[in-house]
Amino acid sequence: MITTQEMRALEINSEALGVSTLQLMENAGRSVADEIEKELGKNLEVVVFVGHGGKGGDGLVAARHLAERENKVTVISLGEMKHKDGMVNVSAVENMDYSITMLGFDDLLGEVKADVLIDAMLGTGVKGRIREPFASAIRVFNKSKGFKVSIDVPSGIDPDLGEELGEYVRPDLVVTFHDVKPGLLKREFRFVIKKIGIPPEASLYVGPGDILVNVRPRPMKSRKGAGGRVLVIGGNETFSGAPALAALASLRTGADLVYVASPERTAEIISSLSPDLISVKLSGKNINEDNLTELDKWIDKVNSVVLGPGLGLADETVRAVPALVNKIVEKGKPLVLDADGLKIMKGSKLNDMVVITPHPGEFKIFFGEDQRESERERINQVVDKARECNCIVLLKGYLDIVSDGRRFKLNKTGNPGMTVGGTGDTLTGIIATFLAQGIDPFTSASLGAFVNGLAGTLAFKEMGAHITASDVVSKIAMVIGDPITSFKQKIYKRVIS
């Protein structure tokens with residue numbers, strides 16, 4: 001199955017990888033013509049009801065191919081085409097004035113009779129109740145005589161839920177693309193799945209489409225906190241930079257409020273670094289068991305937690321962290337566990353709301369084995385280990401691998417400059433914000449790897465191998481604001497051998 005949101009992400013990623021949506025539309029329309037020919041043969045009278053979106057464009061491509069195969073084709077337009085690729089095909093069909101008859105819906109006097117009726121009216125972008133002229137067109141389509149074919153999903157059916165949105169097409173066959181839509185499985189429609197040339201890499205690798213469909217623009221009437229609240233727990237008497245970097249990255253990703261809870265002296269240093277950070281002073285020189293009660297109200301305030309940056313391995317911290325992790329998990333807060341937090345929790349079974357972000361050395365400490373040399377074997381290893389720890393694993397490296405134990409995503413947006421210290425802390429902050437905004441942990445980890453790596457690459461393009469983690473933070477907004485343009489700046493690398 002594939003949801004409409006997942007399909008939209010694949011189309012954007014496909015275009016970013018060099019396979020245009022116009023090519024996909026061509027393949028989709030041709031596959032409809034192929035399936036009709038396979039089902040009914042040739043020398044047919046065909047009527048195509050065309051809407052103004054991408055599905056309408058698919059219908060126009062099908063009309064072209066059916067006309068080329070010496071079928072008698074009529075196109076009935078339900079309005080001005082608004083889809084950029086559909087407009088290309090409108091021009092082509094309008095010039096086919098010998099082989100294709102073009103009519104407006106108002107030109108119809110009643111029901112239609114043909115060998116084949118193609119529903120190219122409303123697709124996966126349909127929202128709310130069906131309005132005119134589509135409601136009337138669907139009624140005419142259903143009453144007309146002929147074998148009825150719907151493109152992708154029947155017009156008037158919610159593609160994800162299968163619900164009726166008012167009038168809906170009752171097809172004899174649905175030709176759907178790439179994979180079946182959930183709504184089709186919830187109804188008794190007969191369907192066939194056709195592949196349309198989407199590269200497997202469009203779903204294997206995180207891409208700009210994943211950002212665009214998951215990270216929504218902020219509504220105008222948003223209130224404080226709508227971007228999420230994040231708590232970063234870290235730092236010790238020696239280290240203050242790591243939790244600050246995680247917090248700044250979290251803010252730049254779009255969190256409205258970020259609290260940094262650190263030992264008292266460290267908290268004072270962090271508060272001096274940026275007025276944007278809310279510094280929470282904890283008693284003691286290091287995180288300790290006395291802090292558990294102090295942290296209660298702050299954990300309750302937020303939507304997600306980061307634990308680990310700059311934490312240190314003092315005995316009192318090692319004793320406190322397992323109880324702190326349990327507290328966060330019991331309160332139902334998504335958690336990003338990194339750095340020293342990972343080391344302290346080595347070998348633990350966690351839960352599916354926890355994301356761990358080890359580099360190869362931390363991976364060995366946590367799981368007790370080295371990462372495998374072969375990329376393909378490493379992918380399987382990460383999937384197995386995510387299942388073993390019952391959490392989301394993001395293994396950082398030349399190729400980032402993310403898994404929840406069932407599926408995996410890959411990311412290759414990084415660059416050689418990101419070996420600099422602190423880029424792992426920026427990653428945890430980015431992931432925490434996505435978690436705080438309600439994005440599921442597997443997707444949050446995948447998006448975090450993409451954004452962090454691409455922000456680093458934009459910085460690397462400017463400064464080469466002289467970047468700092470702060471430079472990465474400065475580019476996060478650019479990546480999220482325009483992931484397609486940012487993606488074009490990526491450093492090409494072939495990572496799977």
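This text goes with the structure placed above it.
Residues numbered from 1 in each chain as written. Predicted model: local features only at pLDDT ≥ 70, side-chain atom pairs only at ≥ 80, totals over all residues. Heavy atoms only, no water.

**Observations concerning the environment of K145**
Residue placement: K145 occurs in strand β5 (residues 145–151). For the pair formed by K145 and F434, sequence separation is 289 residues and the distance between their alpha carbons is 51 Å. With sequence-adjacent residues up to four places away left out, K145 is seen in contact with E111, V112, K113, A114 and L117. (Helix = DSSP H or I, 4+ residues; strand = E, 2+ residues; numbered from the N terminus. Contact = heavy atoms within 4.5 Å.)

**Considerations on the state of the cysteines**
Per the counting criterion, the structure on display carries one disulfide. Two residues share a disulfide in this structure: C389 and C391, whose sulfurs sit 2.3 Å from each other. Between C389 and C391, the S-S torsion sits near -80°, and that sign places the bridge as left-handed. Across the pair, exposure class does not vary: C389 and C391 are buried alike. (Disulfide = S-S within 2.5 Å. Buried < 20%, exposed > 50% of the residue type's maximum accessible area, 1.4 Å probe, protein only.)

**Comments concerning the sheet that holds strand β4 (residues 113–120)**
Strand order in the open sheet made by the seven strands is β3-β2-β1-β4-β5-β6-β7, with parallel pairing throughout. Every other strand in the sheet has two partners, leaving β3 (100–104) and β7 (191–194) as the edge strands with one partner each. The average undirected angle you get between the axes of adjacent strands in this sheet is 20°. The sheet contact formed by strand β2 (residues 72–77) and β3 spans five bridges and is parallel. When the bridges of β3 are listed, V75 appears paired with M102. (Pairing = 2+ DSSP bridges. Axes fitted to C-alpha atoms, helices over the stretch in contact; angles between N-to-C directions.)

**Structural notes on the packing of aromatic side chains**
The full count for this structure, using the stated rule, is five aromatic pairs. Relative to W298, the ring of Y259 lies with its centre 5.3 Å away and its plane at 50°, an arrangement referred to as tilted. A residue pair is termed long-range when its members are at least 10 positions apart, and Y259 in strand β9 (residues 257–263) and W298 in helix α11 (residues 291–301) qualify at 39 residues. Pair check on accessibility: Y259 and W298 agree, each one buried. Judged by centre distance (6.0 Å) and plane angle (25°), the rings of F450 and F487 are stacked. Linking F450 in helix α17 (residues 441–463) with F487 in helix α19 (residues 483–487), this pair joins segments that are 37 residues apart in sequence. One aromatic cluster is present, formed by F363, F366 and F367 through successive ring pairs. Taking the ring centre of Y168 as reference, the NZ or CZ of R170 above it sits at 4.1 Å. Looking at R187, its charged tip hangs above the ring of Y168, at a distance of 5.2 Å from the centre. (Phe/Tyr/Trp six-rings, centres within 6.5 Å; stacked < 30°, edge-to-face > 60°. Lys NZ or Arg CZ within 6 Å of the ring centre and 35° of its normal.)

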